[in-house]
Structure formats: structure tokens, C-alpha cells
Amino acid sequence: MPDAILVLNAGSSSLKFTAFALGEDLSPIVSGLAEELSGTARFRAKNAAGEVVGEHAWSDDPPGHDGALAFLFAWLREHVPGMTVRAVGHRVVHGGATYAAPVRIDADLIAALEALVPLAPLHQPHNLLPIRLLAEKRPDLPQVACFDTAFHRTAPDLAQAFALPAEITARGVRRYGFHGLSYEYIARTLPQLDPRAAAGRTIVLHLGNGASACALLGGRSIASTMGFTAVDGLMMGTRTGALDPGVVLYLMDELGMDARAIEDVLYRRSGLLGVSGLSSDMRVLLASEDPAARFAVELFCYRIVREVGSLVAALEGLDALVFTAGIGENAAPIRAKVCAPLAWLGVALDEAANEGRGLRRISTEASRVAVWVVPTDEERMIARHVRELLSL
Ligand code: ADP
């Protein structure tokens, strides 16, 4: 068994992991997650073929992140014998204005990342938990932080600014952008697929439970739809996307909602779920005849088309459009609904290719704008960063 890079992605109640074999192609050895860490916690691991190779349910006290991390390391030792974890890469949502690239973790960095918690209170504290635990328990093990915001630091100042008073901007209230590891993976994949677009102007649509779009110029981010937080931009599974800030004032003044109640509306009760009243799961909505479900799907696509228009303007043209993440990779009807109103831009979808699977071009030969489906792989992007930064 080769040496490995372990990639960790810690959420509020889950810990996802993938171990990649150190080598040129970083092939995955085992991946999985521990979830509902504060409740009826369970663990599941799969091998590279997708077969379940480990399952566990905690019957007594919930393990929390601490217990889940200890369980994971013990499980790896027992079930993947001979594999040495040489380094750990973490997905960290916020790198602030400072971190434009992955960084090796030390005590100073942990303090700096803790100072960014107010910028991402729903995610950053959870991302930092396993980092702190490992720094304490395994100080010998090199750790690397990879940020969702870092890839967007190449965007021009104009694209990162809000038209707010300077003293508020100076507090760090600006557009950071997110999903950067996904966009970076696509940007690194594109040159092999479509050299013209890779050198030119591409819009990537990352459509998962969280959804955003990014404008790439020569492989670098120049604009994206998410802003100060991951609630901006496109409509999402349960998040509003861009909203007139006057609505927030109305919720406060007229409905008497406080910050937490508004947060609940913006992040957890809106988007596909709130509009449909049915589900945040695109599969459920696409299978439904309910008019509210249909309207939610139409609004989701309309908002994408509107934001594509804005990003095309920022790019001053378009060579390629890339669909990725759960909905982008799997939902042919959504891709069709997004591409149809973009015909004026030179987008012509090949319907048969759109119905296919996996990495492929889904536009016709004649389409002026190439349209691609490219499965994203944020974990592999993190593993690459760890290998490069630590010269493993
Ligand atoms: P996350 O942001 O949590 O990583 P994913 O990228 O896994 O999310 O995307 C989840 C979304 O992808 C869900 O809305 C799910 O319904 C949707 N999805 C997954 N497979 C399909 C499919 N075959 N058809 C339509 N939507 C799909």
C-alpha cells in the first residue's frame, strides 16, 4: 500500500474524507464520511470502485468531530494496512483577502484563520476543528489549508468591490467568491479539452446544493456570482441567491425578524426548497408535476441565464460554457433550459450529447460557444495542492 495524502472536508455535522495514493495520478484509495456527528452518528467508507468497505454506527454518545477524527485514523490503520498518511489537506471555506493560495498550517495560520470566523460563521469554525485537533494530537503530520476563496483573488479590484462607504469596505466587506477549488480543477482540466477556451473566455456553472458561476479569462477567475458570503448570486437548494437588501430591512422592520431568523430564511428556507414548498433536491422537482415545483425549476434556470449575461459582459465575449457539480453534471433538462435562451450568444446544444454521461462536449460542431460537462473533483484539487506545496 502506497503512502497517501488524506483530504478532509469538515462541515457542521459531518466529516468527509478521501485518501489519495501519492503518485503522478493521485488515484483515490478510499473515501467516505462520518455524518450526524451530534446525533445518530454513522460512518461509511467506499473503495475506489465505489464498494462499501466499512460501516459503523455510534450507539451511545455522539462522537462529535473529535471522536469521528479519532475513529477515522483508527479505521484507516486497521482497514487499509500499510498505508501511511504523509500529509493532510483541508478544505477551508475562507482565506480572507490575504490567502490567494494554499498554505502549510502552523499555529500562526490557525490564529489567522480563526480571525476570519466572522466572515463565514456557518462554515469556518467547523473547517478549523480537525485542523486544531490534528495539530494537537499529530504535530508531526504536515497539514495544508486550501481555501474556497483563494482562486478568486486574481479578480480585478472592480470585481471584488461593493459600492459601500470606504470605512465599511476596509473592514473586509467585499466580494470574495467561493467554490474556488472546483473552478480551479476545471481551469486545470480545460487546456486538455479545449485549448482555445482555456486560453480565452469561459463561464463555469457549478450547480450543486450550493450554486455559483465563475468567469475565467485565460484560466484565471475575473468575476464570480458569490460575494461576501455564499448566499449571493444564483438561486440554490435552500439559499436565496442575490436579493435586494431592502428585503432584509423589510423582514426586520415589518416582520420583526432578528438576524438569526433572517439567516434561517436566507440560507435554509429559500431557494428550490422555499419556492417549490416541496424539496431542495433537483431530482424530486424535475419528477414533479406540481406547478410550484415547475416554477422553482424555471426560476433556477432563469437566474442562471441572467447571471451568465452579466459574466459574458465582464469577459467581453464567450468561448465556452462548462456545467459541473451535482445538477450541472447530471440534470440534462436543466442544461437544456439554460442553453436555449443563450442561442443569441452562439450556444447550440447537441441534444443527444446532452443526454449522455461523463466528461464530454454537448454543443454541436457548428456551435460558436463550446458547451462542456466536466465532472468536478475538489478533493483531488486539494490533494494536488498538498503534493505541490510539500513537494511530496
Ligand atoms: P453539494 O453542493 O452538496 O456538493 P452536489 O454537487 O452533490 O451538492 O449536488 C447536489 C444536487 O445535485 C441536488 O440538488 C441533487 O438533486 C442534484 N442531482 C444529483 N443527481 C442528479 C440527477 N441525476 N438529476 C438531477 N439532479 C441531480
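Residues numbered from 1 in each chain as written. Predicted model: local features only at pLDDT ≥ 70, side-chain atom pairs only at ≥ 80, totals over all residues. Heavy atoms only, no water.

(A) Fine view of the sheet that holds strand β5 (residues 52-57). Strand order in the open sheet formed by eight strands is β5-β4-β3-β2-β1-β6-β8-β7, and the pairing between neighbours is mixed. If you trace the sheet from one side to the other, it starts and ends with β5 and β7 (103-104), each paired once. Packed onto the sheet, helix α1 (residues 64-79) meets β1 (4-10), β2 (15-21), β3 (28-35), β4 (42-47), β5 and β6 (85-92) and runs at close to 155° relative to β1. Relative to β6, helix α3 (residues 124-137) is tilted by about 160°, and along the sheet it contacts β1, β2, β6 and β8 (143-147). (Pairing = 2+ DSSP bridges. Helix = DSSP H or I, 4+ residues; strand = E, 2+ residues; numbered from the N terminus. Contact = heavy atoms within 4.5 Å. Axes fitted to C-alpha atoms, helices over the stretch in contact; angles between N-to-C directions.)

(B) A look at the packing of helix α2 (residues 107-114) against α3. Where α2 meets α3, the axes come as close as 10 Å, and the angle between the chain directions of the two elements is 165°. Here α2 lies roughly antiparallel to α3, going by the angle between them. In this structure, the crossing between α2 and α3 has a hand that is left-handed. Here I110, L113 and E114 of α2 lie close against α3, whose contacting residues are Q124, L128, I131, R132 and A135. The residue inventory of the contact of α2 with α3, partitioned by class, reads five nonpolar, one polar and two charged. (Parallel < 35°, antiparallel > 145°, perpendicular 65-115°, else oblique. Left-handed = near helix turned anticlockwise from the far one by under 90°. Nonpolar A, V, L, I, M, F, W, Y, C, P; charged D, E, K, R; others polar.)

(C) Spotlight on the domain arrangement of the protein chain. Structurally, the protein chain comprises domain 1 (3-147) and domain 2 (194-378). The straight-line distance from the C-alpha centre of domain 1 to that of domain 2 is 28 Å. At the junction of the two partners, domain 1 supplies four residues and domain 2 supplies six residues. Contact between domain 1 and domain 2 buries roughly 450 Å² in total, counting both sides, with carbon and sulfur atoms accounting for 60%. Per-residue buried area on domain 1 facing domain 2 is highest for R91, L119 and L122; these three make up 72% of the total on that side. There are one salt bridge connecting domain 1 and domain 2. Of the charged contacts in the structure, one is a salt bridge between R91 and E378, with a shortest N-O distance of 3.3 Å. Applying the counting rule to domain 1 against domain 2 returns one residue pair in polar contact (both at pLDDT 80 or more). (Domains from an automatic or database assignment. Buried area = accessible area lost by both parts, 1.4 Å probe. Salt bridge = Lys/Arg side-chain N within 4 Å of Asp/Glu carboxyl O. Polar contact = N/O pair within 3.5 Å; in protein donor to acceptor, adjacent residues only side chain to side chain.)

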